Amino acid sequence: MNGRQDVTSRTAAVGFLSSVLLSLILYLATLCPTVYWEDSGELISAAYNLGIAHPPGHPLYVVSTRFTLLLTPFDPAIGSNAASAVAGSLAVGAIFLAIWTLCPDERTAVRFLASLTGALSLAVARTFWSQAVIAEVYSLACLVCALLLLLVLRWAMHRETNALMLAAFLFGLGMANHVFLGALLPGLALMAWAGPGGAGRGRGTLAITMALLVLLGLSLYLYLPLRSRCDPSLDWGDPERLDRLLDHVTAREFASEFFSLRLTVAGGPLAGMVAFVQDLPRQFGMLCVSAAAVGLVKLLRRRLIAAGLVVAAAGTILFAGFAGGGPDYAAYLLPAHLVAALLVGCGVSAVARWMTAMRVPAFIVPVLLPLLIVPEVIPNWDESTRHGVVGAREYVHDMAEILPQRALFITENSVDYFVLLYLQLVRGERLDVDPVYSPLLATEWYRERLRDRGLRLGNDRDEPGLPQAQIAGRGSVAESLAALNIDDRPVYYSPGPRFMIDPGRLVPCGLVYRSLRDERDVTQEELVQHRLLLKGYGAPRGRIDRKTRTHYALLHAHLGSYWFERQLFEEARHAYEQAELYDPRNPAIHYDLGVIFERLGSRDDAVAAYRRAVELGPEEADSRLRLADLLLREGLYEEGLQQLHQAANRHPRSSAVEVAMARAYLITGDIARGREAAARAIALDPASSEAHAVNGLSMRQGRDLREAVQAFLVALELEPGNEEARLNLALTYRELGMRPEAMHHLAILAEEHPEEELYQEFLTEHDPSPGGGREER
């Protein structure tokens, strides 16, 4: 018996080492050779300088990665990336052992094959692989998660109390790396309840001991205030005080995303679960997903364990839905992917047992491994490998070449801020540049830090400095900061989701924008300089992966938005066409191109752009509405109404869709249906000025002129600047013979829109005409 146990233990050890080494070789071969996009630059900087990263601080990642850097002679970026590779490969090994634990009744060969297949299916899963080759917190989080699953299963299957104790400590320690481990707690507790002895004696003492061990693991968060007292070069949140420490650990700065109790996944929790299941074939391949389904059926005989795994996966999916739909959304789902890998292994063991029972030749059974794994590797290779991807490093070097000495660099883009931190705090370059991350200007600690750096923010009470409230839009905090410091140093800016500084005060300069003292037109010489700079710096180098393409697409899209706001539509078209080259499947880019083509008078190109936007983003209502509007104006009523009906089916409670539907019916002369659609729009949004305006238009076409007047007055009360409502009100007054009232509203229009000759004509003519098609706008 002991000899058999020794063979089993040696086989498990061989399998563990094989899964770790195979995955580690894969990750090192596809490792990113330098800093990557998103949080990579900041996390490398925090680990290299033992600093404090963005909330919740990730102290376990910072300390463990710093320890890795001390042991290796590599460049800090490569060393940090390699630390993720090691953590990821160890997580794969832990999943091997977890599957091995779940299949105690299988023959050793079948057990080995099933465990190795399940582990390697995780190793080459798309998101897991992509996180294991860059500096990020998720590989380490997955290692802790895999160990938790293993240890709780060891308790559930063999009542190993030490395993449960270690799991409690690791849970607290893992929460000091990423809080998504908390979503696993209900599932882990359910699995632990499956352990021998049920709720017998001694469980109370065990629970208290485990709670203390969890607190011991969480005590690593004390690193934050202790290290902050030393004023490290990266000290996000300045968590020396208790209130700031709590704000940092609970990610209060990200309250609109984390801990907001607001589900960000459309359709609710069930839709999030369905989307996760639909994405599994993309992550693991269809064969592995089928094996996972078989594995779940097999585990139903261990009901509490099966239920615990399902609850753990569901908790992870719910956490991802509540935590926000940003770039980390897919990574938040990784614990559920670990559960899927466990089920893959269980499914393979069931299939292998069935094949053995059917007396399938023994040499065919091992074919299951390549049959399941190879189809998964091939489609995931391009998406997950980061070998040769140097776009972020080259981008920050190009940006550093553009910025002059002592530049104040304001950015609302975390990517630009983080890669510049890497350049300064790790590479020691361009220390003269002062980077400012504008979203943090809403926080007290960051304003204090900027004042310590000598930046002028103004007095919060007496001077026109920075407001205390959170950033509400353009022209507030970032613009004030630029204006207060531009006399002392050159000020440069890069936008994020939107421009927070008026484009009229900016001049494009390669990858960034130079801030001006006052608004003025861009000279032709500056345009030429910009084109030359962008030609030299506007293209990525090295291997171009999806995130690199996305970043450069955003770069050109921001430039297109800049030109659009400056009414330079040809320049905007060129910039958006460049963005389309980098990200051809982005519906927002095609939508913006459609708007630009409309402004240029190219309706055919606009229709084509909107059609492409609708094809790529069928759920986006705006593209359908603009497409329908163009089709109706071209006389293609049937197709235009069809697009509106599809928009209404996808957005049944959208007032904007009902308004568009009402306009379409009125254009086609169906006044009754137009009134019905306008009434639905008002019922959905009684405060919509546009809904009341189109309701008035339907009444005017039906010759209910006095009711139309009342509808237009309501529209103007809700939105005094509603040009359409005021024009139609004036024309309705004229039709009622109420000339003074009509002239009053025409005078307001002429004053508000002096460039519109039509309003001047209405005022000067004794008997003003309706102005062609303007009446029915």
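To be clear, the structure that these remarks concern was listed above.
Please read all numbers here as calculations on a predicted model, not as lab measurements.

When helices and strands are tallied, the protein chain shows 36 helices and five strands. Across the 777 residues that make up the protein chain, the buried fraction comes to 54%. Intrachain contacts of the protein chain at a sequence separation of at least 6 include 68% that bridge at least 24 residues. Taken as a whole, the protein chain presents about 33,600 Å² of accessible surface, with 58% of it coming from carbon and sulfur.

Here we come to the packing of aromatic side chains. Applying the stated criterion to the full structure yields 23 aromatic pairs. Summarising the aromatic geometry, the rings of Phe-96 and Trp-100 are spaced 6.0 Å apart at their centres and angled 25° between planes, so their arrangement reads as stacked. Of this pair, Phe-96 and Trp-100 both sit in helix α4 (residues 76-102), four residues apart, which is roughly one turn of that helix. Trp-100 shares its class with Phe-96; the two are buried.

In this structure the tally under the stated criterion is 40 salt bridges. Of the charged contacts in the structure, one is a salt bridge between Arg-573 and Glu-577, with a shortest N-O distance of 2.8 Å. Remark: Glu-577 and Arg-573 occur in helix α25 (residues 569-582); sequence separation between them is four residues, near one turn of the helix. With relative accessibility at 22%, the residue Arg-573 sits in the partly exposed group. In this structure, Arg-633 and Glu-598 form a salt bridge, with 3.0 Å as the shortest nitrogen-oxygen distance. With a gap of 35 residues between them, Arg-633 in helix α28 (residues 621-633) and Glu-598 in helix α26 (residues 587-599) connect regions that are remote in the sequence.

Attention now goes to a nonpolar patch on the surface. Together, Leu-287, Ile-364, Val-367 and Leu-371 line one region of the surface with nonpolar side chains, adding up to about 310 Å² of accessible area. For Leu-287, the position within the fold is in helix α14 (residues 286-299).

On to the nonpolar core. Within the largest apolar cluster, 202 residues are counted, with the highest numbers of intra-cluster contacts made by Tyr-27 and Phe-128. In terms of residue count, the dominant contributor to this core is helix α7 (residues 138-158) (17 residues). Residues contacting Tyr-27, with those up to four places away along its chain left out, are Ala-85, Gly-88, Ser-89, Val-92, Ala-123, Phe-128, Trp-129, Ala-132 and Val-133. Ranked by size, the runner-up nonpolar core spans 23 residues in total, among them Leu-644, Val-657, Met-661 and Leu-697.

The next point concerns the pairing of strand β1 (residues 408-411). The side-chain alternation of β1 yields two buried faces, one formed by Leu-408 and Ile-410 and the other by Phe-409 and Thr-411. Here four bridges tie β1 to strand β2 (residues 434-437), and the two strands are oriented parallel to one another. Along β2, the bridge assignment pairs Ile-410 with Val-436. Taken together, β1, helix α20 (residues 414-425) and β2 form a β-α-β motif whose crossover is right-handed. Pairing analysis gives four bridges linking β1 to strand β3 (residues 491-494), with the strands arranged parallel. The partner of Ile-410 across the bridge, within β3, is Tyr-493.

Its 13 residues give helix α32 (residues 689-701) an end-to-end C-alpha distance of 19 Å, which sits within 8% of 18 Å, the value for a rise of 1.5 Å per residue. α32 sits mainly inside the fold: 11 of its 13 residues count as buried. Among the residues of α32, those classed as buried are Ser-689, Ala-691, His-692, Ala-693, Val-694, Asn-695, Gly-696, Leu-697, Ser-698, Met-699 and Arg-700. Next to the buried residues of α32 lie α30 (655-667), α31 (671-684), α33 (705-718) and α34 (723-735).

What follows deals with the side chain of Ser-130. Its place among the elements puts Ser-130 in helix α6 (residues 126-131). In this view, Ser-130 contacts Ser-384 and Arg-386; residues no more than four positions away in its chain are not counted.

What the five strands build is an open sheet, ordered β2-β1-β3-β5-β4; its pairing is mixed. Since the sheet does not close on itself, it has two edges, and those belong to β2 and β4 (506-509), each with one partner. This sheet shows a mean twist of 30° between the axes of neighbouring strands, independent of strand direction. In the sheet, β4 pairs with strand β5 (residues 512-515) via four bridges, with the strands oriented antiparallel. Of the residues in β5, the one forming a bridge with Pro-508 is Tyr-513. Across the sheet, helix α22 (residues 477-485) lies against β1, β2, β3 and β5, angled at about 170° from β1, the strand it touches most.

Time to look at the packing of α31 against α32. Running from amino to carboxyl end, α31 crosses α32 at an angle of 160°, the nearest separation of the two axes being 9 Å. Considering the angle they form, α31 stands roughly antiparallel to α32. The two elements α31 and α32 meet at a crossing, and its hand is left-handed. Residues Ile-671, Gly-674, Arg-675, Ala-678, Ala-681 and Ile-682 of α31 form the contact with α32, whose participating residues are Ala-691, His-692, Val-694, Asn-695, Ser-698, Met-699 and Gln-701. For the contact of α31 with α32, the class distribution of residues is seven nonpolar, five polar and one charged.

A word on the packing of α14 against helix α17 (residues 334-357). Relative orientation of the contacting elements α14 and α17 amounts to 80°, with a least axis distance of 6 Å. In this view, α14 runs roughly perpendicular relative to α17, as classed from their interaxial angle. Contacts between α14 and α17 involve Cys-288, Ala-291, Ala-292, Val-294, Gly-295, Leu-296, Lys-298 and Leu-299 from the former and Ala-340, Leu-343, Val-344, Cys-346, Gly-347, Val-348, Ser-349, Ala-350 and Val-351 from the latter. In terms of residue class, the contact of α14 with α17 is built from 13 nonpolar, three polar and one charged.

Positionally, Leu-113 belongs in helix α5 (residues 108-123). With relative accessibility at 11%, the residue Leu-113 sits in the buried group. In this structure, the C-alpha to C-alpha distance between Leu-113 and Trp-100, residues 13 residues apart in sequence, is 9.7 Å.

Secondary-structure assignment places Tyr-422 in helix α20. Classification of Tyr-422 by relative accessible area gives buried; the value is 3%. Between the C-alpha atom of Tyr-422 and that of Ile-44, which follows or precedes it by 378 residues, the distance is 7.0 Å. Ignoring sequence-local partners within four residues, the contact set of Tyr-422 consists of Thr-34, Val-35, Gly-41, Ile-44, Ser-45, Asp-75, Ala-77 and Arg-427.

Rules used in this analysis
- Residues numbered from 1 in each chain as written.
- Predicted model: local features only at pLDDT ≥ 70, side-chain atom pairs only at ≥ 80, totals over all residues.
- Heavy atoms only, no water.
- Helix = DSSP H or I, 4+ residues; strand = E, 2+ residues; numbered from the N terminus.
- Buried < 20%, exposed > 50% of the residue type's maximum accessible area, 1.4 Å probe, protein only.
- Contact = heavy atoms within 4.5 Å.
- Areas by Shrake-Rupley, 256 points an atom, 1.4 Å probe, with all protein chains shown as cover.
- Phe/Tyr/Trp six-rings, centres within 6.5 Å; stacked < 30°, edge-to-face > 60°.
- Salt bridge = Lys/Arg side-chain N within 4 Å of Asp/Glu carboxyl O.
- Patch = residues over 30% accessible without salt bridge, like charges linked within 9 Å, V, L, I, M, F, W, Y side chains within 5 Å.
- Core = buried A, V, L, I, M, F, W, Y, C linked by side-chain atoms within 4.5 Å.
- Pairing = 2+ DSSP bridges.
- Right-handed = clockwise from strand over helix to strand, strands pointing away.
- Expected span 1.5 Å × (residues − 1).
- Axes fitted to C-alpha atoms, helices over the stretch in contact; angles between N-to-C directions.
- Parallel < 35°, antiparallel > 145°, perpendicular 65-115°, else oblique.
- Left-handed = near helix turned anticlockwise from the far one by under 90°.
- Nonpolar A, V, L, I, M, F, W, Y, C, P; charged D, E, K, R; others polar.

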